[in-house]
Structures are given as structure tokens and as C-alpha cells.
Amino acid sequence: QVQLVESGGGLVQAVGSLRLSCAASGRTFSNYAMGWFRQAPGKERDVVASISSNGGSTYYADSVKGRFTISRDNAKDTVYLQMNSLKPEDTAVYYCTASVRYSSGTYYAHDYDYWGQGTQVTVSS
């Protein structure tokens, strides 16, 4: 089992920044890929970014490329999502997720095995 706890969400004005953190526990963190997904009201849960187990490979959704950065610290069992130049359309619940089956990373929700409880990000215009 893997437990994931997100933090860092909140209310921010457009063009502002936030950094989300996700602390993992329960298994060897460096063995699995991590991802961030988000879900806005009335919409499906979509991938935001993913990172491989060693941090060497990343993926970003087109909507966040150049603005968001995913990173991980395997010594601290933590993954981060730095979000810059935030837009109102970034408003959503953000979920941290872990894949023990795809250590190289994946952007499909069904490839992830564990999910955090989510943290709300609200961007005002």
C-alpha cells in the first residue's frame, strides 16, 4: 500500500504561483512513477504531469507546458508541482497519484494504482 498526502493548494490570483507537494509513504518511493491529475466541476479527471521513478522523464499536458514543472525528491519521498502563470481555467481539485506498474511514467489514469485525497486550487481572475 502507498499513502499519498497532498498539500499546498489554495486561492491565488491569475498569473500567480503555487507549489503543490505530495508526501508518499508505505513503499519504496523511488520504485514508482508519480503523476498529478486534476478535475474541475462537471469535467473528467485529466492528467497534468507525470514523472518517472528516477525523475529522468517527464510528461506535461499541452495546457500546462511552459507553466508547470513536476519534480521529485526521492530522499524525501515527495513529489512537487510548481505552477506558475496560473489561469482561472487551472481551477480544479488536484490529485497526486502513484504507479507501481509503470516506473517509466504514464499519462493514463487507469495506469495509476494509488491516489491522494486531492487539494483544491482556485485561481481568481
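Going by the structure above, here's the rest.
What you are looking at is a predicted structure, and each value in this text was computed from that prediction instead of being measured.

Our focus in this paragraph is the state of the cysteines. Applying the stated criterion across every chain, the model contains 1 disulfide. A disulfide bridge connects C22 with C96, and the sulfur atoms are separated by 2.0 Å. Between C22 and C96, the S-S dihedral sits near -80°, and the bridge is therefore left-handed. Of the two residues, C22 sits in strand β3 (residues 18-25) while C96 sits in strand β9 (residues 92-99), which places them 74 residues apart along the sequence. Note on accessibility: C22 and C96 belong to one class, buried.

In this section: the layout of surface pockets. Roughly 150 Å³ of volume is contained in the largest pocket. Taken together, R38, Q39, A40, K43, E44, D46, V47, A61, S63, E89, T91 and A92 make up the full set of residues lining the largest pocket. Contributing elements (two or more residues each) for the lining of the largest pocket: β4 (33-39) and β5 (46-51). Of the residues belonging to the lining of the largest pocket, the class tally is 4 nonpolar, 3 polar and 5 charged.

The 4 strands lie next to each other as β1-β3-β8-β7, forming an open sheet whose pairing is antiparallel. In this open sheet, the two strands that pair with only one neighbour each are β1 (3-7) and β7 (68-73). On average, adjacent strands in this sheet sit at an angle of 15° to one another, irrespective of strand direction. As paired strands, β7 and strand β8 (residues 78-83) are joined by 6 bridges and run antiparallel to one another. The residue bridging T69 from the neighbouring strand is Q82, located in β8.

Calculation criteria
Residues numbered from 1 in each chain as written. Predicted model: local features only at pLDDT ≥ 70, side-chain atom pairs only at ≥ 80, totals over all residues. Heavy atoms only, no water. Disulfide = S-S within 2.5 Å. Helix = DSSP H or I, 4+ residues; strand = E, 2+ residues; numbered from the N terminus. Buried < 20%, exposed > 50% of the residue type's maximum accessible area, 1.4 Å probe, protein only. 1 Å grid on protein atoms, 1.4 Å probe; cavity = no way out; pocket = protein on both sides within 12 Å on 5 of 7 lines; lining within 4 Å. Points joined across faces, edges and corners; volume = space filled by probe spheres on them. Nonpolar A, V, L, I, M, F, W, Y, C, P; charged D, E, K, R; others polar. Pairing = 2+ DSSP bridges. Axes fitted to C-alpha atoms, helices over the stretch in contact; angles between N-to-C directions.

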